[in-house]
Amino acid sequence: MDTRVRDISLMQSADATEDSWLRVCRPVLSHYGELVPRADFSGKSVACFQHIRSETPMILLPLVRAGATVRIAAVNPDSTDDAAAATLARDGVEVWAWSGMTEEERRLGLEQLAGEPADAISDMGGELIMAVASHEGPFPDGALEATTSGIHYLSGQNIPFPVFDWNDIALKDELHNRYHVGIQAWPAFSDITGLAIYGRSVLVVGFGPVGQGVATQARALGAVVSVAELDPVRALEAQQLGLRTVSLEEGLASCSIVVTATGHEGVLGPEQLARTRPGAILVNVGHGNREIDVDWLEGHPHQAVRRHIDRYELDDHDAYLLNRGSLVNLSGDAGIEIEELFDPFAAIMLRGLAWILEGGAAGAGHGMAQYPAELEREIAELLLTARS
């Protein structure tokens, strides 16, 4: 795979795994970072299609030190940490990632990954898994999938190798999805906009675990929060938490901040966007970057008004879009990154990939399977020990 990053000189000045404070922030990942290189993965290869963040070198470089060939491409055009990408490239990973890449460039990275053989895959969104499954082989020993949108995409597909779902395990669903996205989303919002949200009307579209965390955190920060949710059980849960439930149309017309949190594309299409309140700020926290129909917005006069903010002139009103419709909490250089929050989830990736390379997936059936419960418990126990 071709290597391309924004600027190799942006690489971190020191090896992240040797940073003593990162060991405090990421104790579980650091543990596996010391353990994994003791294995011999010579001749093995790993392909990753995922967000590239500050912790990514700590996930992938231990595999390189164990002898594996590692390739990574950016799953999202707006979440890449350019310093992390440069560090990966410097230290032996084949990298196709830079902030602000076009959709065509993103797709080219996916095609390059899918065209190379891999023994293990780490995916976010299911695109790499399906691209590899569509080939004639050879197929990987196993793959990891991390997102709700990926699980939706892969559901019912014929996949000729095992795919281990770690989006739905308790560590991910009950901690990260339900709490940590919301904890990081609103500081990122304020960093980008310069606005506090107290007293502002916020509509959260979708009340799954991510939407729940975003909505309750907004309420804790003083916002007046409404929820648009089609599932009547989830809508009742929103009411039980003291949130106002509304139709999507009502919420779009009345709320000044609109947050999509569904994991599905096209939730806010032309009809919905045309009904937004004048001056509405549009935010996405779902995995995909098309929950909001950015292509339709791009067909209108628009201009960048601030870093990560574009203003669109619709027929009779303006709307503001943050981070080109990509996840606001993972904006490449915005927000407050709480490194500790991602520690167990980065560890899930590293431990899972090493487990596949060690032969742990041997005998597993084809298609979707749950991430091994014994690995989840192992990671949880390490995290509890680190916090005690």
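### What to know about the pairing of strand β14 (residues 318–322)
Where strand β11 (residues 280–284) and β14 come together, three bridges link them in parallel fashion. Paired with L282 across the strands is L321, a residue of β14. Here five bridges tie strand β13 (residues 309–313) to β14, and the two strands are oriented antiparallel to one another. The residue bridging D310 from the neighbouring strand is L321, located in β14. Counting the residues between successive antiparallel strands, the hairpin from β13 to β14 contains four residues.

### Regarding helix α14 (residues 343–357)
Since the α-helix advances by 3.6 residues per turn, residues separated by three or four positions end up pointing in the same direction. Along its 15 residues, α14 runs 21 Å from first to last C-alpha, staying within 8% of the 21 Å computed at 1.5 Å per residue. With its phi angle positive at about 100°, G359 sits one or two positions after the end of α14.

### Description of unusual backbone geometry
A cis amide bond links G137 to the next residue, P138, at an omega of 5°. Note on placement: P138 falls in the loop between α6 (127–133) and β5 (142–145). Phi at H308 is positive, roughly 70°, even though this residue is not glycine. Tracing the sequence through the fold places H308 in the loop between β12 (302–306) and β13. In this structure, R324 is a non-glycine residue whose phi angle is positive, near 55°. Examined against the element boundaries, R324 turns out to sit in the loop between β14 and α14. Looking at R324, the relative accessible area reads 35%, which means it is partly exposed.

### As for the pattern of salt bridges
Taken as a whole and judged by the stated rule, the model has 19 salt bridges. Linking E55 and R53 is a salt bridge whose minimum nitrogen-to-oxygen distance equals 3.0 Å. Overall, R53 belongs to the buried group, its relative accessible area being 9%. A salt bridge links R107 to E127; its shortest N-O distance comes to 3.0 Å. Here R107, found in helix α5 (residues 103–114), pairs with E127, found in helix α6; they are 20 residues apart in sequence, far enough to count as distant. Of the residues examined, R107 reaches a relative accessible area of 35% and is grouped as partly exposed. Salt bridges sharing partners connect three or more residues here, namely E103, R106, R107 and E127.

Definitions and limits used
- Residues numbered from 1 in each chain as written.
- Predicted model: local features only at pLDDT ≥ 70, side-chain atom pairs only at ≥ 80, totals over all residues.
- Heavy atoms only, no water.
- Pairing = 2+ DSSP bridges.
- Helix = DSSP H or I, 4+ residues; strand = E, 2+ residues; numbered from the N terminus.
- Expected span 1.5 Å × (residues − 1).
- Buried < 20%, exposed > 50% of the residue type's maximum accessible area, 1.4 Å probe, protein only.
- Salt bridge = Lys/Arg side-chain N within 4 Å of Asp/Glu carboxyl O.

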